[in-house]
Each structure stands twice: as structure tokens, then as C-alpha cells.
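Below, each chain spelled out in residue letters.
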Amino acid sequence: MITYVLRRLLAAVPTLLVVSVIVFCLLHALPADPAEQILGDGATPQALAAVRLSYGLNASLPVQYFSWLKHVLQGDLGVSLLNQEPVARLILARFKLSALIVVLAITFSALLAIPLGLAAGRWQNRAPDVFIVSVSTLLLSIPSFWLGILLLLLFGVHWHWLPVVGYVSLQQDFLAGLKFLVLPVLTLGLIQFGSFARMMRASTIEVLRLEYVTHARATGLSGRTVMWRHVFPNAFGPTWTLIGLSLGNLLGGIAVIETVFTLPGLGRLLVDSIFARDYPVVQGCLLLTALSYVLVNLAVDLTYPLFDPKISA
Amino acid sequence: MNRPRRALLSPGGIAGIILAGLPAAVAGLAVVWTPYSPVAMDFDLRFASSSWHHWLGTDQFGRDEASRLMAGASASMLVALATVTVATFAGSILGALAGYFLGWLDAVLRLVTDSLLAFPGILLAVAIMMALGQTRYGIILALGLAYFPTVFRVVRGHVLSLARREFVEASRAMGNSSAFTIYRHVLPNCRSPLIVLATSMFGWVILAESALSFLGLGVPPPTPTWGNMLAESRAYMDDDALLSILPGLCISAALLGVNLLGDHLRDRFDPRMRDVR
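Parameters at a glance
- Residues numbered from 1 in each chain as written.
- Chains lettered and ligands numbered in written order.
- Predicted model: local features only at pLDDT ≥ 70, side-chain atom pairs only at ≥ 80, totals over all residues.
- Helix = DSSP H or I, 4+ residues; strand = E, 2+ residues; numbered from the N terminus.
- Buried ≥ 20, exposed ≤ 12 C-beta atoms within 10 Å, placed from the backbone.
- Contact = placed C-beta atoms within 7 Å.
- Core = buried A, V, L, I, M, F, W, Y, C linked by C-beta atoms within 7 Å.
- Nonpolar A, V, L, I, M, F, W, Y, C, P; charged D, E, K, R; others polar.
- pLDDT = per-residue confidence, 0-100.
- Expected span 1.5 Å × (residues − 1).
- Axes fitted to C-alpha atoms, helices over the stretch in contact; angles between N-to-C directions.
- Left-handed = near helix turned anticlockwise from the far one by under 90°.

A. Broad picture of the overall build of chain A. Counting its regular elements, chain A contains 12 helices and 0 strands. When the elements of chain A are put in sequence order from the N terminus, they spell out α-α-α-α-α-α-α-α-α-α-α-α. Considering only C-alpha atoms, chain A reaches an extent of 85 × 55 × 35 Å along its principal axes. Within chain A, the fraction of its 313 residues that count as buried is 38%.

Rendered as C-alpha cells:
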């Protein structure tokens, strides 16, 4: 087990290094001169030279990359060009909100989709199944930002139940803050529901064909016991993988949701920083998101042996 | 040996073709004709409701909504078509080379594609758009780069098993060049998974393009796309809810069509592809 964990951890290192090269290159492949970007138009040559010197922009790209990487590994992501705030602190604060929304949404979605997926698989091609599959396919075809806008139109503009713009953090006022989280979590949760339910249904159908299920039924166990005790544990693996993948995917795609609901999360920070040309913040956001994606996938991989003892070998 | 023939098209497949075909047809029409210019403003007619002259009303600048939705269809479809073509070609060629020759080429390509896949969702496209600047070609390149690793993985895996099959060895034994063998014997056998993948990818790209445009990182305004129309409507929700509803309805209908078609093709060609994403 320990060797398995170590092997997987080591395998992630080259990926992360190439990710850092990609992030670094993206910003240095820009046609514009970074020093001009920092100072804006109309900077004097002397000022440009001074900035190049202080940011180490005169060195060759590989040298710049390694010195940047060294700082990153020490947790130093530089300072924001806009307000001189350390990037690491800035993005961590925003990351918490995004992560909270994503985790809540996935939990909500999984709790809804797993039982319904099991039910759909059990009553394959009957009314409940047709209904669940139709709803899932429909939800898979709705862009998250549009569903968000529709919910906002309904609950915010039409019924005035929930706020349309603005944000209050949970620390400031728990109940008011909760109101701002309801719709984003509901939106992302519903969007995820389709893929979770379909995956759960598909693996339930596969497991139900196996002989041990017939045997379990033949021993006189109730239908519910067979489903939860014998079918669910074996059918859950693929859905669990999908849940892990979605965790990272949602983090990457959360910018649109944060735009709809005007939330100050990591995705919105990334997009705003792109428009503001605040490149150290952009680098930080990209790195942090990619890193958390890789780590989440790794964590999911490491839990495989729980579902499939054959893998731990 | 009379096996029962499977129906060529399931009801879902037919619904998919209709739902996906409609926006495609509208997109084609919009290239040559829209009722009004999609960018012509008329400040006397802001937020007009639907009428004989403006079927779906007008937006915050008095632009004809129906014309804009039509033009948006052609923008989305064009980007999706070009992106899927780029990603499929690049992914299949590199995937076939990696799976066939293995060795250092395979190792390098896998490291690069795995790292590209380490960027979740549309994040990679966002980053590339930033580097390339906001143009229609930029978005095609950005989304193409973001999606070709998936094609690469599928084709490589397929070629890996094909390269050891007898008919490929026979081709080699006959003295055919590697290039000829790959082109004539290996790639044609990857056709079914590629068709299935390209269809699903068409849907992902429509979604990703509209998300990028929604964020303001896609096709730049005033060219209408469904995504940037939705983004602009966000500020006018109180004035005219229809502006927030119609573009999303178009995206969803096109996506539902592509998804239904994709499900149908997958069942028909390659049941094992269900989990690929």
C-alpha cells in the first residue's frame, strides 16, 4: 500500500513540473514586453530598465524560470501588480470561497444522484428510469451559467427571495452569507447531477447482471438490502472517480458561476486579473487550480484500493 | 444467418439530428441572410417586445434579437466545427504516431498531453486565450489545444492494441512503409471511436466557447455569440428577462441535440466508450 502511494505521488511530479513550465511560458510567450505591461503605456526608458532589473527580466528565459520556480516552491508567488499584495495570500482567501461552493455543490449533487441512479438502474427502462435519464440528459445539456441566470430570474428578480447581486461572507454574517451561497450551490449541484446519476445508473445495471446478486436475492434478502449492501458498494467505484474528477473540473469552470452570482472567488479573480493584466496573480491562480486538480485526482486514485482490492497489489 | 437488423436510428438519434441540425441550418442561413443586420442599433427601439417586424423583440441597443441569435448560431457552429477538426486531426496524427512507434516520442507526447489535461475544465482555454489575444482564430486554437489531448489519449490507446494485430504485422511484412501502414490499416480502424468522440467534443466546444464568450474571453463583441449575448443580458435582467432566456435556450437545444446524437452513436459504434471524457 505504501509503495503504491509513493509511486503515485512520484508519478505526479513530472506532470506538475510541466504544468509549471506551461504556466510560465504562457505569460512569457506574450507578444508584449512584461516591463511595459507593468508600467503601462508612456513609461520612460529609464523606468523600463529599472523594472527589468528589479524583476530580473534581463536574464535568459530558463534562468528566469528556475528563479521563479524556486520562489514558487517556497510559497512566494510574487506580489500583485495592482495593489502590491502578496499573491499567495490574495488567492488563498479567494480559493476558500470557491472550494466551499464546489464541495457543497458536489455533496448535494452526489446525495441526490446516487440513490436516484441506483433506483434508475434497478428499474431499468421503466417509468422512474426513463424520467431520471431524461432529466439527467436535459441537465447535461444546460450551460451552468444559463441555469444560474434562470434561477436568479426566478428566485431573485421574480420572487425576491434571494439577493441578485453582492456578497456577504459567512464570517461577517452567517445567515446572510448563506443566502448568497444557495443559488450557486444549487446551480452547480444540478449541473453535476446529470453525469453522476447516469454513471451510477450504468454501473448499477452492470453489477445487477452478476451472479452474486442473484445469489443474494435467492437467500431471501429484501430488495433494499440487496441494493444497498451488495449492489451499491460494487457499483460506486466509477461514480466516485467521476466525483473526484468533477471536483477539479468545477474548480476550473467556476469562473462563470462566480460571474453570474457576482461572487469574489478564485475564478473571478483569475478573469479580472487577465483583464487587468495582473500577471503574477494570473500565474498564481492557474498554478493553484492545476495543483489542486492534480492533488484531488491523486487522492481519488489513492482511494481505489478501498473499492477494488485487486489494485493494491 | 439472419440476424435481426438494428434500426439505423433510434428515436433519440432522430431527435438529436433534428435538434442539432436546426441550429446548424440556421447558422448556414445566417451566413447569407438575417432579417436585420445583427449589429445595427436603433435607440428608439430599446427592449422592444416581439412584433411582426422584430419577431423576438430587440435588445438594450435596439438590435434585432432574432438576427443576433441567428448570427450567434453561425459564430458558435463555425468555432465548434473548426475546433473539432483541428483537435481531431492533431490528436489522431500524434496519437497514432505515439501508439505505433512508442519509445521517446510516446514518452514526450504523453508527458505533454497529461500536463495539458492537468488543467481542469476550460481553464487551459482561458489561459491560452489570454496569451493569444481575443480573436476568432485565437479561440479555435485555444480550444483545439485544450481538447486535442483527449483525442490523443483515445487514439493512442486504440493504436497501441492495433499495432500488434496480425493485419498490421502483415502490412509491415509486405514491406509497406510505416506511414502507409498507419494511414491505410491503423487509422481506419480508429474511425468509430473517433466519430463518437468528435460528436461529444462538438458539444463540449459549443459549451466551452459560450462560457469563454460569457466571461468576455471569447469571440469579441459586437459580433454576437450566444455566450456574449447572455453576458450582456445579465445587467438588464429587470428590464427584459427574455434577453437572458433566449440565447441560453439556443445553447441548450444545440447541446441536447449533440448529446442525444452522441449517445446514439456511442451505443451503435462503441459501447465501451461510455466513460471517456
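B. Representation of the overall build of chain B in the model. The number of helices and strands found in chain B is 10 helices and 0 strands. Starting at the N terminus and walking to the C terminus, you meet the elements of chain B as α-α-α-α-α-α-α-α-α-α. Seen through its principal axes, chain B has C-alpha atoms that stretch 75 × 55 × 30 Å. Within chain B, the proportion of its 277 residues that are buried is 49%. For chain B, the proportion of contacts with a sequence separation of at least 24, taken over those separated by at least 6, is 69%.

C. Examining the nonpolar core more closely. Formed by 156 residues in total, the largest nonpolar core has its most connected members in Ala125(B), Val126(B), Val205(B) and Leu212(B). Setting aside anything within four residues of it in sequence, one finds Ala125(B) in contact with Ala142(B), Leu143(B), Ala146(B), Ala208(B) and Leu212(B).

D. Examining unusual backbone geometry more closely. Residues and elements named next belong to chain A. Not every positive phi belongs to a glycine, and Thr 262 is a case in point at roughly 45°. The phi dihedral of Arg 277 falls on the positive side, at around 55°, and the residue is not glycine. Along the chain, the position of Arg 277 falls in the loop between α11 (266-276) and α12 (279-307). Taking the number of C-beta atoms within 10 Å as the measure of exposure, Arg 277 has 17 and is therefore partly exposed.

E. Summary view of the interface of chain A and chain B. Each partner contributes to the interface: chain A provides 39 residues, whereas chain B provides 35 residues. Elements represented by at least two residues in the side of chain A that touches chain B include exactly α1 (2-28), α6 (127-140), α7 (144-158), α10 (223-260), α11 and α12 of chain A. In terms of residue count, the dominant contributor to the side of chain A that touches chain B is α10(A) (10 residues). Residue classes in the side of chain A that touches chain B are distributed as 30 nonpolar, 9 polar and no charged.

F. Expanded view of the confidence of the model for chain A. In the predicted model, chain A carries a mean pLDDT of 85, and the fraction of residues at 70 or more is 94%. Helix α5 (residues 87-122) of chain A holds the highest mean pLDDT among the elements of chain A, 93, whereas helix α2 (residues 34-39) of chain A holds the lowest, 68.

G. Helix α8 (residues 191-215) of chain B, seen in detail. All names here are of chain B. Under the 1.5 Å per step criterion, the end-to-end length of α8 is 35 Å for 25 residues, consistent within 8% with the ideal 36 Å. Burial runs high along α8: 21 of the 25 residues are buried. Taken from the residues just after α8, Gly 216 is the one with a positive phi, measuring 90°.

H. Structural detail: the confidence of the model for chain B. Residues and elements named next belong to chain B. In the predicted model, chain B carries a mean pLDDT of 84, and 94% of its residues have values of at least 70. Within the model, pLDDT remains below 50 along residues 273-277, and this stretch shows 8 contacts once partners closer than five positions in the same chain are excluded. The ipTM value of the predicted complex is 0.84, and its pTM value is 0.86.

I. Structural context of α11(A). All names here are of chain A. Of all 11 residues in α11, 8 are buried; the element is thus mostly enclosed. Taken residue by residue, α11 has Leu 266, Gly 267, Arg 268, Leu 269, Leu 270, Val 271, Ser 273 and Ile 274 as its buried positions. Of the residues trailing α11, Arg 277 is marked for its positive phi of about 55°.

J. Main features of the packing of α7(A) against helix α10 (residues 242-269) of chain B. The N-to-C vectors of α7(A) and α10(B) enclose an angle of 145°; their axes lie 10 Å apart at closest approach. Note that α7(A) runs across α10(B); the crossing there is left-handed. Here Trp146(A), Ile149(A) and Leu153(A) of α7(A) lie close against α10(B), whose contacting residues are Ser244(B), Gly248(B), Ile251(B) and Ser252(B). Its residues placed into classes, the contact of α7(A) with α10(B) shows 4 nonpolar, 3 polar and no charged.

K. Representation of the environment of Val103(A) in the model. Relative to the assigned elements, Val103(A) resides in helix α5. Taking the C-alpha atoms as reference, Val103(A) lies 7.2 Å from Leu247(A); in sequence the two are 144 residues apart.

L. Representation of the environment of Leu270(A). Looking at the element boundaries, Leu270(A) is found in helix α11. Along the chain, Leu270(A) and Cys285(A) lie 15 residues apart, while their C-alpha atoms are 6.0 Å from each other. Sequence-distant contacts of Leu270(A), defined by excluding residues within four places in its chain, comprise Ala255(A), Val282(A), Cys285(A) and Val126(B).

M. The environment of Leu78(B), seen in detail. Relative to the assigned elements, Leu78(B) resides in helix α2 (residues 65-101). The spatial distance from the C-alpha of Leu78(B) to the C-alpha of Ala27(B) is 8.4 Å, given a sequence separation of 51 residues.

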